[in-house]
Amino acid sequence: APVTASVSLTVNGERQDLDLDLRTTLLDALREHLKLTGTKKGCDHGQCGACTVIANGRRMNSCLSLAVMHQGDEITTIEGLGTPDHLHPMQAAFVKHDGYQCGYCTPGQIVSAVSVLAEVKAGVPSHVTADLTARSEATNDEMRERMSGNICRCGAYSNILEAMAEVAGRDA
Ligand code: FES
Ligand code: FES
C-alpha cells in the first residue's frame, strides 16, 4: 500500500488539510485533490512552466515538487489571482493584448508574469540582471529572460511581453 502523510497547505488563502500519497506532486494535489484545475500539466517534467504556482512568495514548477515538502506553505494559484468578475491587472492585460491563443500555457504565464514583476521590484537577480545593480524597472530583455521557463507552443510571446510591459507601467 502507498505510504501516506497528512499535509496542511494554505491555498489561495484557505487552509487545506490533505492525506496524500508521499509521491503526490504539488501539481497533482492542486488539480486532483483540491480540484483547482487552472494550474495546467504540460510536460510534468519541469520544462514548460504550465504548472507555475507561487509558494511562499516564490514562483515554482509545481510538477517538480512533492506536496509533502510544502507543509505549512502559502500557495497561490491562478484561481487566487483574480476571478472572471475581478480580473487581476495581469489577467486583464493578457486579454487586452491577446497574450494567448489556445490558452493552455496561459495560467502559468500569468502566474509567472505577476511573479516576474515582483522579482524585478524586489531586486531578485536574473541571468540578465546578475551583474547589474538591481533596479525597479524590467527591460524587455529581462522580462524575456525571466519568462524563459514558460513555453508557449502558440508563440504568443510578444503579446505576453506587451501585457507585462503595460502592467509594469510602460510601453513594450
Ligand atoms: Fe510542470 Fe511542465 S508541467 S514544467
Ligand atoms: Fe497556446 Fe501558449 S497560448 S500554448
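Residues numbered from 1 in each chain as written. Chains lettered and ligands numbered in written order. Predicted model: local features only at pLDDT ≥ 70, side-chain atom pairs only at ≥ 80, totals over all residues.

### Looking at the domain arrangement of the protein chain
Stage number 1. Taken domain by domain, the protein chain holds domain 1 (4–81) and domain 2 (89–168).
Stage number 2. Summarising the inter-unit geometry, the C-alpha centres of domain 1 and domain 2 are found 21 Å apart.
Stage number 3. Each partner contributes to the interface: domain 1 provides 14 residues, whereas domain 2 provides 13 residues.
Stage number 4. Within the residue set of the side of domain 1 that touches domain 2, elements represented by two or more residues are β3 (52–55) and α2 (78–81).
Stage number 5. If one sorts the elements of the side of domain 1 that touches domain 2 by residue count, β3 sits on top with three residues.
Stage number 6. For the side of domain 1 that touches domain 2, a count of residues per class yields seven nonpolar, five polar and two charged. (Domains from an automatic or database assignment. Contact = placed C-beta atoms within 7 Å. Helix = DSSP H or I, 4+ residues; strand = E, 2+ residues; numbered from the N terminus. Nonpolar A, V, L, I, M, F, W, Y, C, P; charged D, E, K, R; others polar.)

### A closer look at the confidence of the model for the protein chain
Any residue range with low pLDDT should be treated as having predicted coordinates unsuitable for detailed reading.
Stage number 1. The share of residues in the protein chain with pLDDT of 70 or more is 92%, and the mean pLDDT across the chain is 93.
Stage number 2. Listed scores for the predicted complex are pTM 0.93 and ipTM 0.99. (pLDDT = per-residue confidence, 0-100.)

### Description of the sheet that holds strand β5 (residues 74–76)
Stage number 1. With mixed pairing, five strands are arranged side by side in an open sheet as β2-β1-β5-β3-β4. Two strands bound the open sheet, and with one partner strand each, they are β2 (14–21) and β4 (58–61). When strand polarity is set aside, the average angle formed by the axes of neighbouring strands in this sheet is 40°.
Stage number 2. When strand β1 (residues 4–11) meets β2, the two strands line up antiparallel, connected through eight bridges. By the bridge assignment for β2, serine 6 is matched with aspartate 19.
Stage number 3. Packed on one face of the sheet, helix α4 (residues 106–122) meets β3 and β4 and runs near 40° to β3. (Pairing = 2+ DSSP bridges. Axes fitted to C-alpha atoms, helices over the stretch in contact; angles between N-to-C directions.)

### Quick word on the environment of tyrosine 104
Stage number 1. Tracing the sequence through the fold places tyrosine 104 in the loop between α3 (89–96) and α4.
Stage number 2. The contact partners of tyrosine 104, leaving out residues within four places of it in the chain, are Lys40, Gly42 and Ala50.

### Looking at the packing of α4 against helix α6 (residues 157–168)
Stage number 1. Between α4 and α6, the shortest axis-to-axis distance is 11 Å and the interhelical angle comes to 40°. Here α4 is positioned oblique relative to α6, judged by the angle of their axes. Both α4 and α6 take part in a crossing whose hand is right-handed. Contacts between α4 and α6 involve Gln109, Ala113, Val116 and Leu117 from the first element and Ile160, Met164, Val167 and Ala168 from the second. (Parallel < 35°, antiparallel > 145°, perpendicular 65-115°, else oblique. Left-handed = near helix turned anticlockwise from the far one by under 90°.)

### Concerning the nonpolar core
Stage number 1. Of all hydrophobic cores here, the largest spans 42 residues; its most connected members are Met90, Ile110, Ala113, Val116, Leu117 and Met164.
Stage number 2. Looking at this core, the elements with two or more residues in it are β1, α1 (26–33), β3, α2, α3, α4 and α6.
Stage number 3. The contact partners of leucine 117, leaving out residues within four places of it in the chain, are Ala138, Met164, Val167 and Ala168. (Core = buried A, V, L, I, M, F, W, Y, C linked by C-beta atoms within 7 Å. Buried ≥ 20, exposed ≤ 12 C-beta atoms within 10 Å, placed from the backbone.)

### Some words on the environment of threonine 52
Stage number 1. Summarising the element assignment, threonine 52 is placed in strand β3.
Stage number 2. A tally of 28 C-beta atoms within 10 Å means that threonine 52 is categorised as buried.
Stage number 3. Sequence-distant contacts of threonine 52, that is, excluding residues within four places in its chain, are made with Arg59, Asn61, Gly108, Val111, Ser112 and Asn150.

### So, α3
Owing to its 3.6 residues per turn, the α-helix aligns residues three or four sequence positions apart on the same side.
Stage number 1. Those residues of α3 not exposed but buried are Met90, Gln91, Ala93 and Phe94. In a view along the axis of α3, the buried residues occupy a sector of 160°, so they form one face of it. Seen from the buried face of α3, the exposed residues on the opposite side, beyond 90 degrees, are Val95 and Lys96.
Stage number 2. Those residues of α3 that are buried lie in contact with α2, α4 and α6. (Arc of directions from axis to C-beta.)

### Regarding α6
Stage number 1. Here α6 is 12 residues long and its end C-alpha atoms lie 16 Å apart, about the 16 Å a rise of 1.5 Å per residue gives.
Stage number 2. All of the buried residues in α6 are Asn159, Ile160, Glu162, Ala163, Met164, Val167 and Ala168.
Stage number 3. The secondary structure elements touched by the buried residues of α6 are α3, α4 and α5 (140–146).
Stage number 4. One or two steps after α6, the chain reaches glycine 169, where phi turns positive at roughly 95°. (Expected span 1.5 Å × (residues − 1).)

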